[in-house]
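# Commentary on secondary and tertiary structure
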Amino acid sequence: MTAIPLGVPRRLVEFTLDGQEARVPEGSTILDACRAAGKDIPTLCEGDTLRPKNACRLCVVEVEGARTLVPACSRKAEAGMEVRTGTERARHSRKVVLELLASSVDLSTTPRVAGWLKEYEAKPDRFGPDAARLNEEPRVDNELYVRDYDKCILCYKCVDACGDQWQNTFAISVAGRGFDARIAVEHDAPLTDSACVYCGNCVEVCPTGALSFKSEFDMRAAGTWDESAQTETTTVCAYCGVGCNLTLHVQDNEIVKVTSPHDNPVTHGNLCIKGRFGYQHVQNRD
């Protein structure tokens, strides 16, 4: 049995959320409060296992007295605060962000974006066909995962997961400046020549599919990837004694990828190369 420390109880912070009284534990963000109240605030760069990065600016809300819109993912709820999530100003900002992203990045594999584009009546095509895109072929230089920079929104979640927040491998960083900024390994080398240890924790946190399992990439290319037909089964990794939880994604009686529950006290969504990619022996029928 795993002991989970409960910590010192936190006092509640009271504030106003869209005209209604809200109470959340001290230290909670506005986004935490919105989710607790059942309010759907769009966000891409926020991750439940990472510190807020404030990169995508999709989750902005209006706070009484604040000069600018504030990111709900990182702004802590404060006593007496008055927050409005659906004002014209906040919705217009989200609309423009969606338009800018969708005009310059391939968001075809980004969950929920199609619904947000419709909800906010975003029109990415208004920037015309000359909107800047990388137009770069996916990088397939290993058999475990694929890098498709045409889908990258520079949210830096992969950098954080590979860096001091989880893996501490520091194989991934930001190269270039301004419009030339991009995610890369050292010297923009092939992944096989980098410090990557193939834990796949960067794939786990990527919100757009810029990083994807090679198995998923191949099945999408073949038109056979179907998440609606997949089942998920959580089990325990048998490679060592740590006790990491694995979630097996199975389609047509074949494991197509492995993830880990983010709320698991052992893994927090992270795995090593064996846990995430070493499942072939399970279905070896030769």
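Residues numbered from 1 in each chain as written. Predicted model: local features only at pLDDT ≥ 70, side-chain atom pairs only at ≥ 80, totals over all residues. Heavy atoms only, no water.

## Comments concerning the environment of K95
Relative to the assigned elements, K95 resides in helix α2 (residues 88-104). By relative accessible area, which is 25% here, K95 ends up partly exposed. Each C-alpha atom, one on K95 and one on C45, is 16 Å from the other, the two residues being 50 residues apart in sequence. Contacts of K95, omitting those with residues within four sequence positions, involve Y120, E121 and A122. (Helix = DSSP H or I, 4+ residues; strand = E, 2+ residues; numbered from the N terminus. Buried < 20%, exposed > 50% of the residue type's maximum accessible area, 1.4 Å probe, protein only. Contact = heavy atoms within 4.5 Å.)

## Considering the environment of W116
Tracing the sequence through the fold places W116 in helix α3 (residues 113-119). Contact partners of W116, with chain neighbours within four places excluded, come to D40, P42, T43, L44, L58, L98 and P111.

## Section: the pattern of salt bridges
In the structure shown here, the tally under the stated rule is 22 salt bridges. The salt bridge partner of R84 is E64, with a shortest N-O separation of 3.0 Å. Of the two residues, R84 sits in strand β5 (residues 82-84) while E64 sits in the loop between β3 (60-63) and β4 (70-71), which places them 20 residues apart along the sequence. A salt bridge links D218 to K214; its shortest N-O distance comes to 2.9 Å. Residue D218 and its partner K214 are located together in helix α6 (residues 214-222), separated by four residues, close to a single helical turn. With a relative accessible area of 35%, D218 lands in the partly exposed category. (Salt bridge = Lys/Arg side-chain N within 4 Å of Asp/Glu carboxyl O.)

## Here we look at the pairing of strand β2 (residues 20-25)
Walk down a regular strand and you will see the side chains alternate between the two sheet faces. Strand direction decides the pairing type here: strand β1 (residues 12-17) and β2, joined by six bridges, are antiparallel. Residue E14 lies in a different strand from β2, and its bridge partner there is R23. In this structure, the hairpin formed by β1 and β2 is closed by a connection of two residues, where D18 is found at a positive phi of approximately 50°. (Pairing = 2+ DSSP bridges.)

## Brief notes about the sheet that holds strand β11 (residues 245-251)
Reading across from one edge, β10-β11-β12 is the order of the three strands in this open sheet, with antiparallel pairing throughout. With partners counted over all chains shown, the strands left at the sheet margins are β10 (231-236) and β12 (254-259), one partner each. For this sheet, the mean angle separating the axes of adjacent strands, direction not counted, is 30°. Taken together, the five bridges between β11 and β12 define a ladder with antiparallel strand orientation. Across the sheet, the residue bridging to Q251 is E254, located in β12. (Axes fitted to C-alpha atoms, helices over the stretch in contact; angles between N-to-C directions.)

## Looking at the sheet that holds β3
Reading across from one edge, β2-β1-β5-β3-β4 is the order of the five strands in this open sheet, with mixed pairing throughout. Bordering the open sheet on either side are β2 and β4, each of which pairs with just one other strand.

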